[in-house]
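Secondary and tertiary structure notes
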Amino acid sequence: MTGTTPSFSAFTRFLALTALLALGIHAQAQTDPLPSWNDGPAKQAIITFVTETTTQGGPKFVPPAERIATFDQDGTLWVEHPMYSQVMYILESVPALVKAKPELAKLAPYSTVLEILKGDRAAIAKLTLPDLEKLAMATLTGMSVDSFSAEAKKWLAEAKDPRWKKPYTELTYLPMQEVLTYLRANAYKTWIVTGGGQDFVRQYSEAVYGIPPEQVVGTAVGTKYGYARDGKPFLTKEPKLLLNDNNAGKVEGIHLMIGRRPHMAVGNTAGDQQMLEYTKAGDGARLSMLVMHDDGEREYAYGPAQGLPATKVGAFTQALYDEAQKQGWTVISMKKDWKKIFSFE
């Protein structure tokens, strides 16, 4: 009996070790932080970055207070085609403006917008950038901050994307939502840095992305402090541009609103280039990434980088792609890197 005990004990230890290893492998499979990503360089770059920057005592460790990650929104966190959601909000706000001021109905660009809303999609080509800027100032300013908030929230609750027939707030990219959650689970503070309107994005950022309004940096207009007839103070949105949060303006906005250089930045167009440059130029571990829309079946395909169709909305140029290769930025392929694009798939 005594001669068999050691063998029996060794056998039980072997069984226990095997079970533990199996459980460990199973647990690891269950705790994949990015389950909607295919295995590949992009997914590995994210996991390696987070692991290295959060490993206490490691050479690339980043103190929690310095863990800043910035994300463009349109085309990076949610759908931007066939038109930016905020542009649709602006266009659909024009009829109310015309109703209040009927003389605008015969004046461009308001008359052009009315044509578009009646179904003449070709009329969109008539709208120039100055036209859109004029429309934005007319529909996004001149009211109290509270009135704008109420109107924007009402529109977001009712408006639906023409392709998927779903609210715009449901068209967020599941893989990117997983990245946001993964980063926050590792003490990273996630920020939206967008060319879109700061006040507009703040209406839904917390509910949609888990990013509170104070962590949204966007294109901002001025406000004026005043008093209502009952003496209650309020802010009025003024037609005065304070920050054009695009291109170099994104970096300027990061300095103004965050005060720290990001360790990670993600975008999808040339408008994000300076933010990625600024991030990558910092000391220590840095990760700059670009989302490429190359899946015309599940979402949209546009570039014109790598021979993809050209576009005026969210263009990813060949020059940007070449710069990414030169600077060591990671290009995320929707088609190759994402198992799922939307949670409702």
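It should be noted that the structure appears before, not after, this text.
Residues numbered from 1 in each chain as written. Predicted model: local features only at pLDDT ≥ 70, side-chain atom pairs only at ≥ 80, totals over all residues. Heavy atoms only, no water.

**Topic: the overall build of the protein chain**
Basically, it comes down to this: What counts as a helix is a DSSP run of H or I of at least four residues, what counts as a strand is a run of E of at least two, and both are numbered from the N terminus. Burial classes follow relative accessibility: with a 1.4 Å probe on protein chains only, a residue under 20% of its type's maximum area counts as buried, one over 50% as exposed, and anything between as partly exposed. The contact criterion used is simple: two residues touch if any of their non-hydrogen atoms lie within 4.5 Å. Shrake-Rupley sampling with a 1.4 Å probe provides the accessible areas, and residues are treated as covered by the protein chains on show and by no other component.
Looking only at helices and strands, the protein chain has 13 helices and seven strands in total. Across its three principal axes, the protein chain shows a C-alpha extent of roughly 105 × 50 × 40 Å. Each of the 345 residues in the protein chain was classed as buried or not, and the buried ones make up 47%. Sequence separation of at least 24 residues holds for 64% of the intrachain contacts in the protein chain that already meet a minimum separation of 6. On the protein chain, roughly 17500 Å² of surface is accessible, and the fraction owed to carbon and sulfur atoms is 57%.

**Things to note about unusual backbone geometry**
Between His81 and the following residue, Pro82, the backbone shows a cis peptide bond with an omega angle of 0°. Mapped onto the elements of the fold, Pro82 is located in the loop between strand E1 (68-71) and helix H3 (85-100). Across the junction of Gly303 and Pro304, the peptide omega takes the value 15°, indicating a cis bond. Structurally, Pro304 is set in the loop between strand E6 (287-292) and helix H12 (318-327). For Asn247, which is not glycine, the phi torsion reads 55° and is therefore positive. For Asn247, the location among the structural elements is in the loop between strand E4 (233-243) and helix H10 (248-257).

**Side note on the packing of H3 against helix H5 (residues 129-140)**
Heads up, the rule is: For helices, the axis comes from a line fit to the C-alpha atoms of the stretch in contact; other axes are also lines fit to C-alpha atoms, and the angle between any two N-to-C directions lies between 0 and 180 degrees. Left-handed is the label given to a crossing in which the near helix is rotated counterclockwise from the far helix by less than a right angle, and right-handed is the label when the rotation is clockwise. The residue classification treats Ala, Val, Leu, Ile, Met, Phe, Trp, Tyr, Cys and Pro as nonpolar and Asp, Glu, Lys and Arg as charged. All others, Gly included, are polar.
At their nearest, the axes of H3 and H5 sit 9 Å apart, and the two run at 65° to each other. Between H3 and H5 lies a crossing whose hand is left-handed. In contact with Gln86, Val87, Tyr89, Ile90, Leu91, Ser93, Val94 and Leu97 of H3, H5 contributes Leu132, Leu135, Ala136, Ala138, Thr139 and Leu140. Taken together, the residues that form the contact of H3 with H5 break down as 11 nonpolar, three polar and no charged.

**Some points on the sheet that holds E1**
Heads up, the condition is: Two strands form a pair only when DSSP identifies at least two bridges running between them.
Pairing is mixed in the open sheet, where seven strands are placed in the order E4-E3-E2-E1-E5-E6-E7. The open sheet has two edge strands, E4 and strand E7 (330-333), and neither has a second partner. Across this sheet, the average inter-strand angle for adjacent strands is 35°, counted without regard to direction. Here E1 runs beside strand E2 (residues 189-197); their pairing, made up of four bridges, is parallel. When the bridges of E2 are listed, Phe71 appears paired with Ile192. Running at roughly 130° to E2, H10 makes contact with E1, E2, strand E3 (216-227) and E4 of the sheet.

**Describing the packing of aromatic side chains**
Aromatic ring pairs are reported here in terms of the distance separating the ring centres and the angle at which the planes meet. Rule in force here: Ring pairs are drawn from Phe, Tyr and Trp, using the six-membered ring of Trp, whenever the two centres fall within 6.5 Å, and their geometry is named by plane angle: stacked under 30 degrees, edge-to-face over 60, tilted for the rest. Charge over a ring is defined by NZ of Lys or CZ of Arg lying within 6 Å of the ring centre and within 35 degrees of the ring normal.
Per the counting criterion, the structure on display carries 16 aromatic pairs. Taking 6.2 Å as the distance between ring centres and 85° as the angle between the ring planes, the aromatic pair formed by Tyr89 and Phe148 counts as edge-to-face. Separated by 59 residues along the polypeptide, Tyr89 in helix H3 and Phe148 in helix H6 (residues 145-158) bring together distant segments of the chain. Ring centres of Tyr225 and Tyr227 lie 5.4 Å apart, and the angle between their planes is 80°; this geometry places the pair in the edge-to-face category. When sorted by exposure, Tyr225 lands in the same class as Tyr227, which is exposed. Ring-pair connections join several aromatic residues into one group, and the members of that group are Trp37, Trp164, Tyr173, Tyr300, Trp338, Phe342 and Phe344. The aromatic ring of Tyr300 is capped on one face by Arg163, whose charged end is 4.8 Å from the ring centroid. The ring of Tyr278 carries Arg261 above its face, with NZ or CZ at 4.1 Å from the centroid.

**Looking at the pattern of salt bridges**
Short version of the rule: Take a side-chain nitrogen of Lys or Arg and a carboxyl oxygen of Asp or Glu: if they are within 4 Å of each other, that pair is a salt bridge.
Across all of its chains, the model carries nine salt bridges by this definition. A salt bridge links Lys43 to Asp39; its shortest N-O distance comes to 3.4 Å. You can call Lys43 buried: its relative accessible area is 5%. The partner of Glu115 in a salt bridge is Lys126, with the nearest N and O atoms 3.3 Å apart. Residue Glu115 is located in helix H4 (residues 110-117), and its partner Lys126 is located in the loop between H4 and H5; the two are separated by 11 residues in the primary sequence. Among the ionic contacts, a cluster of salt bridges with common partners joins Asp32, Asp39 and Lys43.

**Some thoughts on the packing of H3 against H6**
Note the cut-off: Roughly parallel here means an angle under 35 degrees, roughly antiparallel means over 145, roughly perpendicular means 65 to 115, and every remaining angle is called oblique.
Two numbers describe how H3 lies on H6: the axes approach to 11 Å, and their chain directions differ by 110°. The angle between H3 and H6 falls in the class roughly perpendicular. Residue-level contacts link Ser85, Met88, Tyr89 and Glu92 of H3 to Phe148, Glu151, Ala152 and Trp155 of H6.

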